[in-house]
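# Descriptive analysis of the structure
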There are 2 protein chains.
Amino acid sequence: MDIYSFFNSSTSWRVRIALALKGVEADFHGVNIRAGAHREADYVARINPSASVPAVVEGAFHLGQSLAIIDWLDGKYPQPRLLPAEAQLRAHVLELSQLIACDIHPLNNLRILKYLRETLEVSQQRTDEWYKHWSAEGMEAVERLLAQAWQTHGGPWCFGAAPTLADCCLIPQFGNAQRMGCDLAPFKRASAIFAHAASHPAFIKAEPRNQPDYIPPAPGATAANVPSTKKVEE
Amino acid sequence: MDIYSFFNSSTSWRVRIALALKGVEADFHGVNIRAGAHREADYVARINPSASVPAVVEGAFHLGQSLAIIDWLDGKYPQPRLLPAEAQLRAHVLELSQLIACDIHPLNNLRILKYLRETLEVSQQRTDEWYKHWSAEGMEAVERLLAQAWQTHGGPWCFGAAPTLADCCLIPQFGNAQRMGCDLAPFKRASAIFAHAASHPAFIKAEPRNQPDYIPPAPGATAANVPSTKKVEE
């Protein structure tokens with residue numbers, strides 16, 4: 001199985017967590033979306049018509065979109081299940097995952113921040129405010145859903161004792177928001193889950209800094225002062 | 001079963017199509033997102049902690065996020081299946097659905113266009129260009145995925161002879177892009193599917209104009225000249 005991924009892409013990160021939790025080894029191919037590699041004609045024609053990461057290729061089978069990939073992996077490698085079988089639990093796991101995937105992540109990824117900066121000529125400060133606004137609004141909803149989930153299932157993960165698809169989505173979102181300098185202290189449940197994941201081998205294996213295509217920050221760069229075209233959630 | 005929906009919301013529209021295809025009757029409650037009804041404390045506390053539409057309530061069970069709702073409905077009312085059982089077909093149906101739900105819809109909905117106009121003070125013209133830019137980029141990817149799908153499965157729907165989750169997502173996206181004055185002629189496969197759905201009873205039943213909370217456009221308004229705060233994909 002070949003996986004096309006970018007180290008800092010939070011959608012790629014979701015798939016890496018799922019693979020690591022299931023103990024599935026795959027061949028990783030770095031696709032440098034900063035350099036536009038996901039838009040090159042050969043990649044779009046041969047790997048992923050959506051012109052995005054991540055993508056999986058196995059023989060003649062090609063698949064993009066991180067949540068579709070994880071659903072497919074869950075059918076193929078059902079241990080451990082990331083989408084529970086019980087109907088109501090499954091529904092709530094999907095609800096939290098889709099909240100992150102549809103209501104938070106799409107607003108803050110590379111192409112959007114580039115369009116704001118370069119096409120709409122929005123200042124760096126107001127672009128940062130845009131990022132923090134949607135991150136905070138989305139994380140408030142995440143916290144409300146986690147409050148409900150923990151009433152029924154407890155922690156330390158989003159839905160009880162074992163990680164699910166929701167954790168595959170939450171950890172990269174939280175990690176990138178942290179890198180972008182968002183104030184995440186108000187989100188106590190999400191913070192606790194993120195701290196818990198930091199010592200879990202599968203989550204460590206999936207971290208951006210542990211990927212073969214990792215690019216270290218420029219010397220002296222911090223989350224708050226990397227160059228504007230790099231300072232984006234990818 | 002109670003469904004909380006707004007007539008023009010394309011995520012609500014997805015769920016309405018799924019219910020109509022399955023022949024499930026539900027009690028519809030209009031939530032006027034133009035007036036901010038989805039953010040009212042009572043709605044957030046009692047109905048949907050995500051502060052969005054759609055939501056489903058059945059007894060003590062509450063669920064938001066359209067794709068989570070349709071997955072739950074598919075388990076509860078499996079005829080007809082909107083998420084196929086066969087692994088590769090299922091994967092591709094989810095891929096196209098997630099492309100629309102994550103890469104197109106989130107960029108063009110009400111709260112985003114309001115933020116562009118009101119907080120970033122972007123002109124109406126450049127806000128319209130934003131809408132059309134992301135709609136066109138996303139629809140190009142949709143067309144490439146449909147080309148692959150039709151090679152294997154044919155039409156008249158996204159994946160062959162019967163509608164799936166992908167059609168539940170495509171029709172509202174296409175309908176709202178049309179209302180917003182996007183040029184959709186280049187997207188021949190999507191246009192053909194939209195035309196096919198226009199005469200299907202379930203898709204007709206789910207249309208915005210056939211909802212109990214429908215609000216007709218102001219006299220003299222067209223897609224191109226409705227007031228700016230109304231001229232948004234919802």
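Residues numbered from 1 in each chain as written. Chains lettered and ligands numbered in written order. Predicted model: local features only at pLDDT ≥ 70, side-chain atom pairs only at ≥ 80, totals over all residues. Heavy atoms only, no water.

### With respect to the sheet that holds strand S1 (residues 2–5) of chain A
All names here are of chain A. Across the sheet, which stays open at both edges, the four strands sit in the order S2-S1-S3-S4 with mixed pairing between neighbours. Where the open sheet ends on each side, the last strands, each with one partner, are strand S2 (27–30) and strand S4 (61–64). The average angle at which neighbouring strand axes cross in this sheet is 20°, direction not considered. Both S1 and strand S3 (residues 55–58) contribute to a ladder of three bridges, which runs antiparallel. Along S3, the bridge assignment pairs Asp2 with Val57. The sheet contacts of helix H1 (residues 10–22) involve S1 and S2, and relative to S1 the element is tilted by about 145°. (Pairing = 2+ DSSP bridges. Helix = DSSP H or I, 4+ residues; strand = E, 2+ residues; numbered from the N terminus. Axes fitted to C-alpha atoms, helices over the stretch in contact; angles between N-to-C directions. Contact = heavy atoms within 4.5 Å.)

### Thoughts on the relation of the copies chain A and chain B
At an RMSD of 0.0 Å, chain A and chain B line up after a rotation of 180° and a shift of 0.0 Å along the axis. The two molecules are tied by a two-fold rotation axis, judged by turn and shift. Residue A:Cys102 of chain A places its C-alpha closer to the rotation axis than any other residue of that unit, at 2.4 Å. A shared binding surface is used by both copies, with 100% of the interface residues of chain A retained as interface residues in chain B. (Least-squares fit on C-alpha atoms with pLDDT ≥ 70 in both.)

### Concerning the interface of chain A and chain B
A common way to report how large an interface is uses the accessible area buried once the components associate. With 47 residues of chain A at the contact, the number on the chain B side is 47 residues. Around 4200 Å² of area is buried between chain A and chain B when both sides are counted, 58% of it from carbon and sulfur atoms. Summed over the shared surface of chain A and chain B, the result is eight salt bridges. A salt bridge links A:Glu137 to B:Arg39; its shortest N-O distance comes to 3.6 Å. At the junction of chain A and chain B, the tally comes to 16 residue pairs in polar contact (both at pLDDT 80 or more). (Buried area = accessible area lost by both parts, 1.4 Å probe. Salt bridge = Lys/Arg side-chain N within 4 Å of Asp/Glu carboxyl O. Polar contact = N/O pair within 3.5 Å; in protein donor to acceptor, adjacent residues only side chain to side chain.)

### Some points on the side chain of B:Arg90
Turning to its location among the elements, B:Arg90 is positioned in helix H4 (residues 87–104). Not counting the four nearest positions on each side in its chain, B:Arg90 is found in contact with A:Asp71, A:Arg90, B:Asp71, B:Arg81, B:Leu83 and B:Pro84.

### Regarding the packing of helix H1 (residues 10–22) of chain B against helix H7 (residues 165–179) of chain B
All names here are of chain B. Orientation of H1 relative to H7, taken along the N-to-C sense of each, is 135°, at an axis distance of 8 Å. On the basis of the axis angle, H1 is oblique to H7. In this structure, the crossing between H1 and H7 has a hand that is right-handed. Contacts between H1 and H7 involve Ser10, Trp13, Arg14, Ile17, Ala18 and Leu21 from the former and Asp167, Cys168, Cys169, Ile171, Pro172, Gln173, Gly175 and Asn176 from the latter. Of the residues that constitute the contact of H1 with H7, the class distribution is eight nonpolar, four polar and two charged. (Parallel < 35°, antiparallel > 145°, perpendicular 65-115°, else oblique. Left-handed = near helix turned anticlockwise from the far one by under 90°. Nonpolar A, V, L, I, M, F, W, Y, C, P; charged D, E, K, R; others polar.)

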